[in-house]
Amino acid sequence: ANSFQLKFYSPFLSLTFISLLLIGCGAKSLEDKVGTRPGMVAPSIKGETISGKSFDLKDLRGNLVIIDFWATWCAPCMREAPVLVNLYANTRGQGLEVLSIALEKKNDGRAEQVGNRLGFMWPNQLAEEISFVRLNALASAYGVTDIPATFLINAEGKIILGKSTVNEIEEYLNETK
């Protein structure tokens, strides 16, 4: 009877022991995990800007960062772009950076042309060739299934606002001034 009870409780005891071990060793908190919920470390973004320079999101630490997923073929993105341009212009030099990631069906320079026409004056612009938004690795890492999708990251590289609009980010920044 005792061996049956030991086998019955064995998985429970193992889980309890592992849990206590993790707690005792300082298991990672939510704030140390990578993800897109507030408080989590923003997923890594590395690539080449549309101007050909190497880009790493970690290089923007120390600044607030707006990450904006958009596309030239996306009408809601075109409506939101002037708000982002205005926000960037009004906060330039105040520790706010913008990273725009164009998800284009064909990476043929159109994102750069349209971005210039819209007034994208920030240096951090990436263009990704995609067939579907959901299949893009960067969009997937941020849980982006449709665009526009905008995120706000703090100076430590952690998510403040996930999947927001530029207007929501602007409201947040105005409230925290």
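Located above this text is the structure these notes cover.
Heads up: these notes are all about the structure in this document. Everything quoted here is computed from the prediction, not taken from an experiment. (Residues numbered from 1 in each chain as written. Predicted model: local features only at pLDDT ≥ 70, side-chain atom pairs only at ≥ 80, totals over all residues. Heavy atoms only, no water.)

Bringing the state of the cysteines into the picture now. Applying the stated criterion across every chain, the model contains one disulfide. At a sulfur-sulfur separation of 2.4 Å, the disulfide partner of C74 is C77. Across the disulfide from C74 to C77, rotation about the S-S bond amounts to roughly 75°, and the bridge is consequently right-handed. Across the pair, C77 and C74 agree in class, each one buried. (Disulfide = S-S within 2.5 Å. Buried < 20%, exposed > 50% of the residue type's maximum accessible area, 1.4 Å probe, protein only.)

Contact geometry for helix 2 (residues 75-91) and helix 5 (residues 166-175): axes closest at 9 Å, N-to-C directions at 25°. The orientation of helix 2 with respect to helix 5, classified from their angle, is roughly parallel. Pair helix 2 / helix 5 crosses with left-handed handedness. The segment helix 2 lies against helix 5, with E80, V83, L84 and L87 engaging V166, N167, I169, E170 and L173. For the contact of helix 2 with helix 5, the class distribution of residues is six nonpolar, one polar and two charged. (Axes fitted to C-alpha atoms, helices over the stretch in contact; angles between N-to-C directions. Helix = DSSP H or I, 4+ residues; strand = E, 2+ residues; numbered from the N terminus. Parallel < 35°, antiparallel > 145°, perpendicular 65-115°, else oblique. Left-handed = near helix turned anticlockwise from the far one by under 90°. Contact = heavy atoms within 4.5 Å. Nonpolar A, V, L, I, M, F, W, Y, C, P; charged D, E, K, R; others polar.)

For any pair of aromatic rings, the description consists of the separation of the ring centres together with the inter-plane angle of the planes. One pass over the full model with this rule turns up six aromatic pairs. Relative to W122, the ring of Y88 has its centre 5.2 Å away and its plane inclined at 70°; by these criteria the two rings are edge-to-face. Here W122 lies in the loop between helix 3 (110-118) and strand 5 (124-129) and Y88 lies in helix 2, a separation of 34 residues in the sequence. The exposure classification of Y88 matches that of W122, with both residues buried. Ring geometry for Y142 versus F151: centroids 5.1 Å apart, planes at 65°, classification edge-to-face. Above the plane of the ring of W73 lies K105, whose end atom (NZ or CZ) is 4.4 Å from the centre. (Phe/Tyr/Trp six-rings, centres within 6.5 Å; stacked < 30°, edge-to-face > 60°. Lys NZ or Arg CZ within 6 Å of the ring centre and 35° of its normal.)

Read across the sheet, five strands follow the order 5-4-3-6-7 without closing on themselves; strand pairing throughout is mixed. Single-partner strands in this sheet number two, and they are strand 5 and strand 7 (159-164). Between one strand and the next, the sheet's axes are offset by a mean angle of 10°, whatever the strand orientation. Sheet topology places strand 4 (residues 96-104) next to strand 5; six bridges connect them, and they run parallel. What sits directly across from L99, in strand 5, is N124. Along the sheet, helix 2 contacts strand 3 (64-70), strand 4 and strand 6 (149-153); its crossing angle with strand 3, the most-contacted strand, is approximately 160°. (Pairing = 2+ DSSP bridges.)

Moving on: the nonpolar core. Residues I45, L57, I67, F69 and Y142 are the most contacted members of the largest nonpolar core, which totals 46 residues. With residues up to four places along the chain from it excluded, the contact list for I67 reads I45, L57, L99, I101, Y142, A149, T150, F151 and I153. (Core = buried A, V, L, I, M, F, W, Y, C linked by side-chain atoms within 4.5 Å.)

Next up on the list: the pattern of salt bridges. Once their charged atoms are close, side chains differing in charge can pair, the charge on each being opposite to the other. Considering all chains together, one arrives at one salt bridge under this definition. K46 is paired through a salt bridge with D56; the nearest N and O atoms lie 3.9 Å apart. Here K46, found in strand 1 (residues 46-48), pairs with D56, found in strand 2 (residues 54-56); they are ten residues apart in sequence, far enough to count as distant. We classify D56 as buried; its relative accessible area is 17%. (Salt bridge = Lys/Arg side-chain N within 4 Å of Asp/Glu carboxyl O.)

Turning next to the side chain of Q125. Looking at the secondary structure, you find Q125 in strand 5. Classification of Q125 by relative accessible area gives buried; the value is 7%. Beyond its immediate chain neighbours, meaning those up to four positions away, Q125 contacts T49, I50, S100 and F120.

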